[in-house]
Amino acid sequence: MEDLKFITASNIINLRTKAGMTQSELAAKLSYSDKSVSKWERAEAVPDAYVLKHMSEIFGVTVDYLLSPHDQWEAPKKKTLLSSYQSDVVISIALTGIGTLGLLLFVILWLLGNPQPIIFVYATLVSLITLLVLQSVFKHGQHNYLIIAFLLFAVIASLYFSFLVFFEKNFWQLFLLVVPGWIVIFLSSRFKHQKTIEK
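Predicted, not measured: the structure shown is a model, and the values here were computed from it.

1. Side note on unusual backbone geometry
Then comes step 1: Even without being glycine, serine 31 reaches a positive phi, approximately 60°.
Then comes step 2: Turning to its location among the elements, serine 31 is positioned in the loop between α2 (23–30) and α3 (34–41).

Here it is, written out as structure tokens:
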């Protein structure tokens, strides 16, 4: 089965590049995502029969051609930035560093006689942005919709407290944006999940 994956991957890469197509263009023709095409070309999976048939029509070859060896090709080595444990450690260090920096700034201002608790709101906002970026880099966006939901609340909270502290304006109405924002985020995540299941 592993050999079949490598053979099919090699043939897809060769036929696609000879046709002058990008992964995205091939994906569009197949009505699949470019992530699926990338997965096939990395020999992580073999397309199903329907896709192979459609692909054979696109490239003008038989399905048997796609599944048969035609040249020597080695599976590309998977590029792993860090192991799961290492990425968790990096994320933890980054978030702890931001929290520590926020606390340090608060203590300094406190010692100077001007404590600003709003610093913790900003630190939370920066932490969530950092977490979102690192999750996207190391974990391919796993559970990003949850982080985005918290980030939306943190952005609105930051705006609210900024107006309250610096301009003495109580714009509590900003929090009314949270619920429709969360609904949009939830529906978007379900839509993406449904597309993944269909593929």
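2. Focus: the pattern of salt bridges
Then comes step 1: Counted according to the given criterion, the structure contains three salt bridges.
Then comes step 2: Across the pair arginine 16 and glutamate 41 runs a salt bridge, and its minimum N-O distance is 2.5 Å. Of the two residues, arginine 16 is situated in helix α1 (residues 2–18) and glutamate 41 in helix α3; the sequence distance between them amounts to 25 residues. With respect to burial, arginine 16 and glutamate 41 carry one shared label: buried.

3. Quick look at α3
Then comes step 1: Here α3 has its buried residues at Ser36, Val37, Ser38, Trp40 and Glu41.
Then comes step 2: Downstream of α3 by a residue or two, alanine 43 has a phi angle that is positive, lying close to 60°.

4. Some thoughts on the nonpolar core
Then comes step 1: With 15 residues, the main nonpolar core has Leu26, Leu30, Trp40, Val51, Met55 and Phe59 as its most contacted residues.
Then comes step 2: Put simply, the parts of the chain that give this core at least two residues each are α1, α2, α3 and α4 (49–59).
Then comes step 3: Here the element with the most residues in this core is α4; it accounts for four residues.
Then comes step 4: If you look at the next biggest cluster of nonpolar residues, it comprises nine residues, including Leu125, Leu132, Leu134 and Ala154.

5. Observations regarding helix α6 (residues 84–111)
Then comes step 1: The terminal C-alpha atoms of α6 lie 40 Å apart, and with 28 residues this matches the ideal 40 Å at 1.5 Å per residue to within 8%.
Then comes step 2: Inspection of α6 places Ser87, Ile91, Ile98, Gly102 and Phe106 among the buried residues, and these make up the whole buried set.
Then comes step 3: Turning to α6, the residues buried within the fold contact α7 (118–138).

6. Considering the packing of aromatic side chains
Then comes step 1: Tallying each qualifying case throughout the model produces nine aromatic pairs.
Then comes step 2: Relative to phenylalanine 120, the ring of phenylalanine 106 has its centre 4.9 Å away and its plane inclined at 50°; by these criteria the two rings are tilted. Remark: phenylalanine 120 occurs in helix α7 and phenylalanine 106 occurs in helix α6; sequence separation between them is 14 residues.
Then comes step 3: A relative accessible area of 35% means that phenylalanine 120 is categorised as partly exposed.
Then comes step 4: Between phenylalanine 163 and phenylalanine 171, the ring centres sit 5.0 Å apart and the planes meet at 75°, which makes this aromatic pair edge-to-face.
Then comes step 5: Taking relative accessible area as the criterion, phenylalanine 163 reaches 29% and is therefore assigned partly exposed.
Then comes step 6: Ring pairing ties together the aromatic residues Phe153, Tyr160, Phe161, Phe175 and Trp182, which thus form one cluster.

Conventions we followed
Residue indices follow the written sequence of each chain, beginning from 1 at its first position. Confidence filtering applies because this is a predicted model: local features only for residues at pLDDT of at least 70, side-chain atom pairs given and counted only at 80 or more, and all residues used for totals across whole chains, interfaces and linings. The side-chain figures draw on all heavy atoms in the structure; neither hydrogens nor water molecules are used. Helix numbering and strand numbering both begin at the N terminus, where a helix is a DSSP run of H or I of at least 4 residues and a strand a DSSP run of E of at least 2. The salt bridge definition used is simple: a Lys or Arg side-chain nitrogen within 4 Å of an Asp or Glu carboxyl oxygen. Accessibility here uses a 1.4 Å probe with only protein chains present; expressed as a share of the type maximum, an area under 20% marks a residue as buried, one over 50% as exposed, and anything in between as partly exposed. As used here, the term nonpolar core means buried Ala, Val, Leu, Ile, Met, Phe, Trp, Tyr and Cys residues forming a set that is joined through side-chain atoms within 4.5 Å. One less than the residue count of a helix, multiplied by 1.5 Å, gives the span that helix is expected to have. Contacts were defined at the residue level, with two residues in contact if any of their heavy atoms lie within 4.5 Å. Note on aromatic pairs: the rings of Phe, Tyr and Trp (six-membered ring only in Trp) are paired at centre separations within 6.5 Å, and the planes decide the class, stacked below 30 degrees, edge-to-face beyond 60, tilted for the rest.

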